[in-house]
Amino acid sequence: MNMPLIEFGRTGRTLEFPVVDMHAHIGSFAPSLSPPLERQVAEMDRVGVAVQLVSSVEGLFGDIVWGNDQAAAAAARFPGRIFAYCHVSAQYPELIEPELKRCVLNPAFKGIKLYQVGTRFDHPVFDAVWAFAREWRLPVLAHTWGGDVTGFDKVAQRHPEVAFLAGHAGSGFAYKPYAEMARNLPNFYLDLTYSREHTNMIEYFVEEVGPAKIVWGSDAPTFSISQQVGKILYARIPDADKRAILGGTARRLFNL
Amino acid sequence: MEIIDAYCGIGPWQKRDRLLPWRPEETLGLMDHFGITRALVHSNFTSGGGNALRGNQVLAEQVRIEPRFLPAFTLTPYPHADEPSLAEGLAAMKAAGSRALWFMPVAHHPVREVYGELLDACVTHRLPVLLNRDITTPADVAALLRDWPGLRLILCGVGYMEDGWLFPLLKRHEQLRVCVGQFYIPADSPHRFLREFPAERLIFGSGHPFFSPGGLLANLFYADLPEAQREAILGGNIRALLEESRL
């Protein structure tokens, strides 16, 4: 008999289906150092996360080439468990095409990661990214915040064959704009990675856009994997929807 | 296992988002879903800027109806002679069975001059004092702990990148506790915390109605902890603090 997924959260039992953490990191932010990667993988094992897609925190802070190297090294250390995003930035336009071309030679890179650093995503500097994503069928994950996706929806509309994943959907409790974008754009997905867990928001998203438009990420090592997975396990939605959010939708998008 | 949510607001408040629950029966329904036995409740009305007398009145009415709610009153030190005194406020707390204080200092008001008597009383009566991180600063928390070293302070709403100032304060002030509620969920938690501090310093609280406790509960149930520690964090610690209260 299948145990209801909420019981896994209530008992701390390891999940028994392939969970995909599509938004995680390696490296550290400034205030303190992250636990070592093996501890992160140990938490994946304990919770039952099969696969994690990571970008480098240091890369997001501007050390782009080194960051992509670190992401590749993490994937090499844990083959089949850790995959990588190729991170590029509008602030370093000369690195965009060379880094994308370099990363794609490594099959561990499964997507492209962008951050909000002041340049809107509909700025022409990003045109090479969309062309590359289309050609190599790579989903694009962007950090977004508070419902202001700084043009990510506009480029999603222009490039319907590319999967656009809006990170931190619902952040700042700005849930309506995210739901509206995901409803209106077939290739626009909500990534629930977010420290906070606003009451009724996951249920709202599922009702408004459906689980096939929602993906799950932990933001580890910034946040705890078990906390992030727990908010889905305890959500008042059907188990089939939880399975889609925790892995099914991402496996389809990333061809895992 | 008795799970007690130490960080739970009930009732209406001014700037409510329509997605959020506010009726006590909604809170009770969610407590059932999450397996929460009892909740230490404060007034949403008061924490949202409404006057504490009305907020306390609503709390007292609710806890009379629902024994799963344990009240945490807020006392405002009023300036005028025709307003309720601190002694009257403490008597009202005692009458309602409130054994903890939801502290609501106003930003930039001088703490010793305005809140000194209230905080002295909290130390004397061993009242646990809950303070929301959103309305204070690390420097103000440090000053509070320095000036009232006996204060049983529970800091709620601490964020995932705040260990840099939080851990030094925890090392220096034994009476400081951290509520794991809302978003104190750093990587490798709660193990990283427990390698340095006893489980008695962590207290479970959800941040209801703004936040949902599922992730926090799963975080504690997946954690590789002795059951006694898990039970302490999820309810035993706040229960012990409330029982030690001498009001």
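Structural data are supplied above this passage.
Reading guide: rules and limits
- Along each chain, the written sequence defines residue order, and numbers are assigned to residues from 1.
- Naming scheme: in the order in which they are written, chains are lettered from A and ligands are numbered from 1.
- Only residues with pLDDT of at least 70 get local features here, since the model is predicted, and only at 80 or more are side-chain atom pairs given and counted; chain-wide, interface and lining totals rely on the full set of residues.
- Here a strand is any run of E in DSSP of at least two residues, a helix any run of H or I of at least four, and the numbering for each starts at the N terminus.
- Only C-alpha atoms enter the radius of gyration; for comparison, a globular chain is expected to reach 2.2 Å times N to the power 0.38, where N is the number of residues.
- Around each residue's C-beta, the other C-beta atoms within 10 Å are counted; 20 or more make the residue buried, 12 or fewer make it exposed, and counts in between make it partly exposed. All C-beta atoms are placed from the backbone.
- The contact criterion used is a C-beta to C-beta distance within 7 Å, with each C-beta placed from the backbone.
- Two strands pair under a simple rule: DSSP has to find at least two bridges between them.
- Structural elements are reduced to axes, namely lines fitted to C-alpha atoms, with helices fitted over the stretch in contact, and the angle between N-to-C directions of any two is expressed from 0 to 180 degrees.

Participant: Please clarify how the overall build of chain B should be interpreted in this entry.
Facilitator: Helix and strand counts for chain B come out as 10 helices and eight strands. In terms of overall size, chain B behaves like a compact globule, its C-alpha atoms giving a radius of gyration of 17 Å where 247 residues would be expected to give roughly 18 Å. Referenced to the eigenvectors of the C-alpha coordinate spread, the extents of chain B come out at roughly 55 × 40 × 35 Å. Classification of the 247 residues of chain B by burial places 49% in the buried group. For chain B, the proportion of contacts with a sequence separation of at least 24, taken over those separated by at least 6, is 75%.

Participant: Would you take a moment to explain the sheet that holds strand β4 (residues 100–102) of chain B for this structure?
Facilitator: Adjacent strands of a sheet pair through backbone hydrogen bonds, lying either parallel or antiparallel. Residues and elements named next belong to chain B. The sheet built from eight strands is open, its strands ordered β1-β2-β3-β4-β5-β6-β7-β8 with parallel pairing. The open sheet has two edge strands, β1 (4–10) and β8 (202–203), and neither has a second partner. Relative to strand β7 (residues 176–179), strand β6 (residues 153–156) runs parallel, the two sharing three bridges. Residue pairing for β7: L155 is matched across the bridge by V178.

Participant: Looking at this model, I keep getting lost on the sheet that holds strand β3 (residues 82–87) of chain A. Mind explaining?
Facilitator: All names here are of chain A. What the eight strands build is an open sheet, ordered β1-β2-β3-β4-β5-β6-β7-β8; its pairing is parallel. Edge positions in the sheet fall to β1 (19–26) and β8 (214–215), since each has one partner strand and no second. Strands in contact with helix α4 (residues 64–77) are β1, β2 (49–56) and β3; relative to β3, the strand with the most contacts, it is inclined by about 165 degrees.

Participant: Teacher, can you tell me more about the interface of chain A and chain B here?
Facilitator: Accessible area lost on assembly of the parts is the figure often given for the size of an interface. Contact residues are listed per partner, giving 36 residues for chain A and 32 residues for chain B. If you list the elements that add at least two residues to the side of chain A that touches chain B, you get α1 (5–11), α2 (37–47), α9 (201–209) and α10 (225–233) of chain A. Top element by residues in the side of chain A that touches chain B is α10(A). It accounts for seven residues.

Participant: Honestly, unusual backbone geometry in this entry has me stumped. Any pointers?
Facilitator: Negative phi values dominate among residues other than glycine, just as trans dominates among peptide bonds. That bond from A220(A) to P221(A) is cis: its omega, 5 degrees, falls within 30 degrees of zero. Assignment of secondary structure puts P221(A) in the loop between β8 and α10. Note that the residue after H208(B), namely P209(B), is joined by a cis bond; omega there is 5 degrees. One non-glycine residue with positive phi stands out, namely H168(A), at about 60 degrees. Relative to the helices and strands, H168(A) is located in the loop between β6 (164–167) and α8 (175–184).

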